[in-house]
Amino acid sequence: MTTLEARYRAVQQRLRQAALAAGRDPGQLRLLAVSKTFPPDAVRALAALGQTAFGENYVQEAQAKIAALEDLPALEWHFIGPIQSNKTGVIARCFDWVHSIEREAIAERLSRQRLDAGLAPLPVCIQVNVSGEASKHGCTPQDARALARAVGALPGLALRGVMAIPEPTPDTEVLRARFAQAARVLDAVRADARASGADAGRLDTLSMGMSADLEPAVAEGATIVRVGSALFGARPARA
Ligand SMILES: *Cc1c(COP(=O)(O)O)cnc(C)c1O
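This one's a predicted model, so the numbers in the text were calculated from it and none came from an experiment.

Draft legend 1. Highlighting the pairing of strand β3 (residues 76-79). Pairing of strand β2 (residues 53-56) with β3, which is carried by four bridges, proceeds in the parallel orientation. Counted as the bridge partner of Glu-56 is Phe-79 from β3. With helix α3 (residues 59-68) bridging β2 and the parallel β3, this β-α-β connection has right-handed handedness. Two elements, β3 and strand β4 (residues 97-101), share two bridges in a ladder whose sense is parallel. For His-78, the partnering residue across the bridge sits in β4 and is Trp-97. The parallel pair β3 and β4, bridged by helix α4 (residues 88-94), forms a crossover whose chirality is right-handed.

Given below as structure tokens:
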């Protein structure tokens, strides 16, 4: 077994254990392999083991990687990094999912450019800051419902849920409280959708949990966990 395969099996085992410990069906958890900084060959090797969903943070790097892997049409690309407004066109055209919607203006651009490209609505999550001043990304939990309403009304986007990245801490109780807060935001967004007569059934996604904290995330209801280093190894420092 290769190192990559051993790591892949270990992550799948952690997810399964975490789901069972929480009384959840392991089949309802999706693993997003975060391939940022790793070369196309690393993606290709993991894809050969059956992984289909990959996450990227940097638009230029991702664009080259997606092009290099065009011969694997089953791959699904998720954008999970901060979004600059001059990059929305590439994201709207090249990605299958976006997890990191923080502002309405960015959502509007993505929606328009997605429609202009003639593509189906882009599944998105809004990113919510559950760590207060310790984090500079994501809308506040107070603003999340208004942002979700705005995003939900855009024809080129399909709102699917909430993404959160708590500040790292070894304190599992703190992490669980942060993840629980993200879950409550999703509950509120779903309630708003139902109250406005919309179908809340598609609001099914809680994107949370990474290599170091996937267990508490799964315990609090994560449906997509975004795992990088536990699969691909330590990332080189970014220049
Ligand atoms: C890099 C990154 C991950 C993966 O982090 P690991 O600790 O390597 O698992 C997950 N989500 C986001 C948004 C990231 O930027």
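And the narrative resumes.
Draft legend 2. Expanded view of the pattern of salt bridges. Here the structure, examined in full by the defined rule, presents 10 salt bridges. Among the salt bridges present, the one from Glu-5 reaches Arg-9, with a minimum N-O distance of 3.4 Å. Of this pair, Glu-5 and Arg-9 both sit in helix α1 (residues 3-21), four residues apart, which is roughly one turn of the helix. On the basis of relative accessible area, Arg-9 is assigned to the partly exposed category, the value being 36%. For Arg-30, the salt bridge identified is with Glu-76, shortest N-O distance 2.8 Å. One end of the pair, Arg-30, is in strand β1 (residues 30-34); the other, Glu-76, is in strand β3, and 46 residues separate them in sequence. Given the relative accessible area of 21%, Glu-76 is considered partly exposed. A network of salt bridges, in which partner residues are shared, links Glu-56, Glu-61 and Lys-65.

Draft legend 3. Fine view of the side chain of Ser-135. With respect to the helices and strands, Ser-135 occurs in the loop between β5 (122-127) and α6 (141-152). You can call Ser-135 buried: its relative accessible area is 17%. Those residues in contact with Ser-135 that lie beyond four places of it in its chain are Asn-129 and Glu-167.

Draft legend 4. Representation of the pairing of β5. Counting buried positions over the six residues of β5 gives six, a clear majority of the element. The alternating pattern of β5 places Leu-122, Val-124 and Ile-126 and Pro-123, Cys-125 and Gln-127 on opposite faces, both of which are buried. For β4 and β5, the ladder comprises two bridges, and the chain directions are parallel. Within β5, the residue paired with Val-98 across the bridge is Val-124. In the classification by handedness, the crossover that spans β4, the intervening helix α5 (residues 104-116) and the parallel β5 is right-handed. Here β5 runs beside strand β6 (residues 157-163); their pairing, made up of six bridges, is parallel. Its bridge partner lying in β6, Val-124 is registered against Leu-159. A crossover links β5 with its parallel partner β6, the connecting element being α6, and its sense is right-handed.

Draft legend 5. Up close: unusual backbone geometry. Backbone geometry at Thr-37 places phi at a positive 75 degrees, although glycine is not the residue there. With respect to the element layout, Thr-37 can be found in the loop between β1 and α2 (40-48). The exposure class assigned to Thr-37 is partly exposed, which follows from its relative accessible area of 25%.

Conventions we followed
- The residue numbering used here restarts from 1 in each chain and proceeds along that chain's sequence as written.
- For this predicted model, a pLDDT threshold of at least 70 governs which residues receive local features, and a threshold of 80 or more governs which side-chain atom pairs are given and counted, while totals over whole chains, interfaces and linings are taken from all residues.
- Remark: hydrogens and water are excluded; side-chain values derive from all non-hydrogen atoms of the structure.
- Strand pairing is defined by DSSP finding a minimum of two bridges between the two strands.
- Under the DSSP-based scheme used, a helix requires at least four consecutive residues in state H or I and a strand at least two consecutive residues in state E, with every element numbered from the N terminus.
- By convention, a crossover is right-handed whenever its connection, traced from the first strand over the helix to the second and viewed with the strands pointing away, goes clockwise.
- Put simply, a salt bridge is a Lys or Arg side-chain nitrogen that is within 4 Å of an Asp or Glu carboxyl oxygen.
- Three exposure classes are used, based on accessible area relative to the maximum for each residue type with a 1.4 Å probe and protein chains only: buried under 20%, partly exposed in between, and exposed over 50%.
- The contact criterion used throughout is that any non-hydrogen atoms of two residues lie within 4.5 Å.

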